[in-house]
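The primary structure of each chain is shown beneath.
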Amino acid sequence: MFEKLALIGIGLIGSSIARATQLKGLAKTIAISTRKPETLDEARQLGLGNSYSLDPAEAVRDADLVILCTPVGAYEAVMTQIAGALAPGAILTDVGSVKQHVIDVVGPHVPAGVHFIPGHPLAGTEHSGPASGFPALFTGRWCVLTPTDDVDSVAVARLTAFWGALGSDVEVMDAAHHDLVLAITSHVPHLIAYNIVGTVADLETATQSEVIKFSASGFRDFTRIAASDPVMWRDVFLTNRDAVLEMLGRFLEDLSQLQRAVRVGDGPAMEALFTRTREIRRSIITAGQETAAADFGRPHGDGALPGGGATATGTSGAAPVPPPIDTPEIYYREHGGGEDA
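Because the structure is a prediction, the values reported are computed rather than measured. (Residues numbered from 1 in each chain as written. Predicted model: local features only at pLDDT ≥ 70, side-chain atom pairs only at ≥ 80, totals over all residues. Heavy atoms only, no water.)

### Regarding the overall build of the chain
For the chain, the helix and strand inventory stands at 12 helices and nine strands. In the chain, which comprises 341 residues, the share counted as buried stands at 47%. Accessible area of the chain: about 16000 Å², with a carbon and sulfur share of 55%. (Helix = DSSP H or I, 4+ residues; strand = E, 2+ residues; numbered from the N terminus. Buried < 20%, exposed > 50% of the residue type's maximum accessible area, 1.4 Å probe, protein only. Areas by Shrake-Rupley, 256 points an atom, 1.4 Å probe, with all protein chains shown as cover.)

### Quick notes on the packing of aromatic side chains
Aromatic ring pairs: the centre-centre distance and the angle between the two ring planes describe each pair. Scanning the model with the defined rule gives four aromatic pairs in all. Centroid distance F2 to F162: 5.9 Å. Interplanar angle 80 degrees. Geometry classified as edge-to-face. With F2 in strand β1 (residues 2-8) and F162 in helix α6 (residues 153-165), this pair connects stretches of sequence that are 160 residues apart. Exposure class is identical for F2 and F162. Each is buried. Judged by centre distance (6.0 Å) and plane angle (75 degrees), the rings of F162 and W163 are edge-to-face. Taken individually, F162 and W163 each receive the classification buried, so the pair is uniform in this respect. Put simply, the rings of F2, F138, F162 and W163 touch in pairs and so form one group of aromatic residues. (Phe/Tyr/Trp six-rings, centres within 6.5 Å; stacked < 30°, edge-to-face > 60°.)

### Here we look at the pattern of salt bridges
Where charged atoms of side chains with opposite charge meet at close range, the side chains can pair. Going through the model one piece at a time under the given rule, you end up with six salt bridges. Between R44 and D41 there is a salt bridge; the shortest N-O distance is 2.9 Å. Here D41 and R44 lie together in helix α2 (residues 37-46), a separation of three residues that amounts to about one turn. The partly exposed category is assigned to R44, whose relative accessible area is 39%. Of the residues examined, D41 reaches a relative accessible area of 35% and is grouped as partly exposed. Across the salt bridge formed by R282 and E279, the nearest N and O atoms sit 3.0 Å from each other. Linking R282 with E279, this pair stays in helix α12 (residues 267-286), spanning three residues, or about one helical turn. (Salt bridge = Lys/Arg side-chain N within 4 Å of Asp/Glu carboxyl O.)

### Some points on the sheet that holds strand β3 (residues 51-53)
Ordered in space as β3-β2-β1-β4-β5-β6, the six strands form an open sheet in which the pairing is parallel. The open sheet has two free edges, formed respectively by β3 and β6 (115-116), since each of these has just one partner strand. Pairing of strand β2 (residues 27-33) with β3 involves three bridges; the strand directions are parallel. Each bridged residue has a counterpart across the sheet, and for A31 the counterpart in β3 is S51. In the packing of helix α4 (residues 75-82) onto the sheet, contacts are made with β1, β4 (65-68) and β5 (91-94), and the angle to β4 comes to roughly 150 degrees. (Pairing = 2+ DSSP bridges. Contact = heavy atoms within 4.5 Å. Axes fitted to C-alpha atoms, helices over the stretch in contact; angles between N-to-C directions.)

### Some words on α4
Looking at α4, one finds that the buried residues are Y75, V78, M79 and I82. Each buried residue of α4 lies within a common arc of 100 degrees when the element is viewed along its axis, so the set occupies one face. In this structure, the buried residues of α4 make contact with β1, α3 (56-60), β4, β5 and α5 (100-106). (Arc of directions from axis to C-beta.)

### So, the environment of P56
With respect to the helices and strands, P56 occurs in helix α3. Here the alpha-carbon distance between P56 and A6, two residues 50 residues apart in the chain, equals 8.7 Å.

### Notes on helix α7 (residues 175-202)
With 28 residues, α7 extends 37 Å between its outermost C-alpha atoms, agreeing within 8% with the 40 Å of an ideal straight helix rising 1.5 Å per residue. All buried positions along α7 are accounted for by A175, H178, D179, L182, A183, S186, H187, V188, H190, I192, A193 and V200. Its side-chain oxygen placed 3.0 Å from the backbone nitrogen of A176, D174 serves as the N-cap of α7. (Expected span 1.5 Å × (residues − 1). Polar contact = N/O pair within 3.5 Å; in protein donor to acceptor, adjacent residues only side chain to side chain.)

### Remarks on the sheet that holds strand β9 (residues 169-172)
Pairing in this open sheet of three strands is mixed, and the strands run β7-β8-β9 from one edge to the other. Both edges of this open sheet fall to β7 (119-121) and β9, since each of them pairs with a single strand only. Averaged over all pairs of adjacent strands, the angle between their axes in this sheet comes to 20 degrees, without regard to strand direction. With four bridges connecting them, strand β8 (residues 142-145) and β9 associate as parallel partners. When the bridges of β9 are listed, L145 appears paired with V172.

### Remarks on unusual backbone geometry
If you check the backbone angles, D62 has positive phi at about 70 degrees while not being a glycine. A relative accessible area of 62% means that D62 is categorised as exposed.

### Comments concerning the environment of S132
Tracing the sequence through the fold places S132 in the loop between β7 and β8. When its relative accessible area of 2% is taken as the criterion, S132 is described as buried. At 3.4 Å, the side chain of S132 forms a polar contact with the backbone oxygen of S128. Here G129 takes part through its backbone oxygen, which lies 2.6 Å from a polar atom of the side chain of S132.

### As for the packing of helix α11 (residues 241-264) against α12
Contact pair α11 / α12: the axes reach a minimum separation of 9 Å and the direction vectors enclose 135 degrees. Between α11 and α12, the interaxial angle falls into the category oblique. Here L258, A261 and V262 of α11 come into contact with α12, specifically with A269, M270, L273 and F274. Counted by class, the contact of α11 with α12 contains seven nonpolar, no polar and no charged residues. (Parallel < 35°, antiparallel > 145°, perpendicular 65-115°, else oblique. Nonpolar A, V, L, I, M, F, W, Y, C, P; charged D, E, K, R; others polar.)

And the structure:
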């Protein structure tokens, strides 16, 4: 499919792309570049590529597909290094969780003849680093592409086919719309999770220990979300500020209404809301974006997978996906790039 794939950054997403590309033979060679020598050494020991360099310009030279897998905040600095080495006709894309900002900071540095197509695979775990990646990460997950109107359609089709070969369902949409959608489906939930877990951290020691000891499923889910890479999520909130603030404002308005319902004892209002939200949960399961297994598919027992033996995508009958690290728990997140990338 491609002669040379260059991965700039090799954390969870980058290493998963490398593993899937190797497994499915989607590129003849894979070049890897990171900013940290220890991360590059780890990628080399794991055999994730064919060449390794601390110089991103060297990695992208002669590559016909270049994927930025670093934190979004590092994109502009990376582009100043690689712009002159990008080959005419190459496809340049990324895996960041925001898209309009990426267009704004990367676009001006893209040389003529290079096809810039921002992308966002909605997949990941709360773990990071080269060793955390696994080839089935993108199977059954969405990947959103946000090309501008002037991008070559053949290049978009080639990148769509690449992500499809990795196992993703691909959607093309406007960058600003992507950022608004992800603000409410991913970014605000992460912000809320970080805040709730931070509230527990501020509790007195005795109370905090009890909260941790008796954590029910709701709080456990919040802690899992709040364990995501802090550098990546710092960059998300810095670069998608307007959309996050708009969605956070709507959330706070709705929360105020719910607060009043609790205060005045308005049972019908609460029941109506909870019924509506349960239906949304069911529609997510029906759409194949979650499992209907008991306990939300949490594994129980050694080697168990979410869904009680189903695949990590929530469907049964296929071979189970091996865990990326020394834990049987595999939870998908909208997660790309990190400090170790």
